[in-house]
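Single-letter residue listing:
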Amino acid sequence: MNELRDPLPYELTTPDFNAVWDCIKNWDIGLPTDIVDGDHQLYSKATANHVVAILDALKRE
């Protein structure tokens with residue numbers, strides 16, 4: 001997975017951004033790069049960076 005980018009200011013107010021954010025804002029997210037000590041997964045709260053990663057992936061489809 002590529003580095004997560006920050007959302008552009010205008011993206012924060014789009015309906016698509018807000019729809020995804022409303023869905024994932026309470027999720028705990030773990031990335032494959034966040035596995036430590038062999039098999040322990042680290043998790044973090046969802047962020048705006050995760051939202052734009054989802055939206056960017058949908059644009060590539």
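Residues numbered from 1 in each chain as written. Predicted model: local features only at pLDDT ≥ 70, side-chain atom pairs only at ≥ 80, totals over all residues. Heavy atoms only, no water.

### What to know about the pattern of salt bridges
Pairs can form between side chains of opposite charge whenever their charged atoms are close. The line we're drawing: Basic side-chain nitrogens of Lys or Arg form a salt bridge, by our definition, when they fall within 4 Å of a carboxyl oxygen of Asp or Glu. Only DSSP runs of H or I with at least four residues qualify as helices, and only runs of E with at least two residues qualify as strands; both kinds are numbered from the N terminus onward. Think of it in three bands: residues with accessible area under 20% of the maximum for their type are buried, residues over 50% are exposed, and the middle band is partly exposed, with areas taken using a 1.4 Å probe on protein chains only.
Applying the stated criterion to the full structure yields 5 salt bridges. Among the salt bridges present, the one from Asp 56 reaches Arg 5, with a minimum N-O distance of 2.7 Å. One end of the pair, Asp 56, is in helix α2 (residues 48–60); the other, Arg 5, is in the segment before α1 (15–24), with 51 residues separating them in the sequence. Between Lys 59 and Asp 56 there is a salt bridge, with its nearest N and O atoms 4.0 Å apart. One end of the pair is Lys 59 and the other is Asp 56, both in helix α2 and 3 residues apart, which spans about a single turn. Relative accessible area serves as the criterion here: at 18%, Asp 56 is assigned to the buried category. Here the salt bridges do not stand alone but share partners, grouping Arg 5, Glu 11, Asp 56 and Lys 59 into one network.

### Details of the confidence of the model for the chain
Heads up, the condition is: pLDDT runs from 0 to 100 and stands for how confident the predictor is about each residue.
Looking at the chain as a whole, its pLDDT mean stands at 88, while 97% of the residues score no less than 70. By mean pLDDT, the top-scoring element of the chain is α1 (97), and the lowest-scoring one is strand β2 (residues 35–36) (76).

### Here's the deal with the side chain of Glu 11
Inclusion rule: Side-chain atoms alone can form a polar contact between residues adjacent in sequence; in general such a contact is a pair of N or O atoms within 3.5 Å, and within protein one must be able to donate a hydrogen while the other accepts it. By definition in these notes, contact holds between two residues if any of their heavy atoms fall within 4.5 Å.
Relative to the helices and strands, Glu 11 resides in the segment before α1. In terms of polar contacts, Glu 11 uses its side chain to reach the backbone amide nitrogen of Leu 8, at 2.6 Å. Here Glu 11 is in contact with Arg 5, Phe 17, Val 52 and Lys 59, once residues within four sequence places are set aside.

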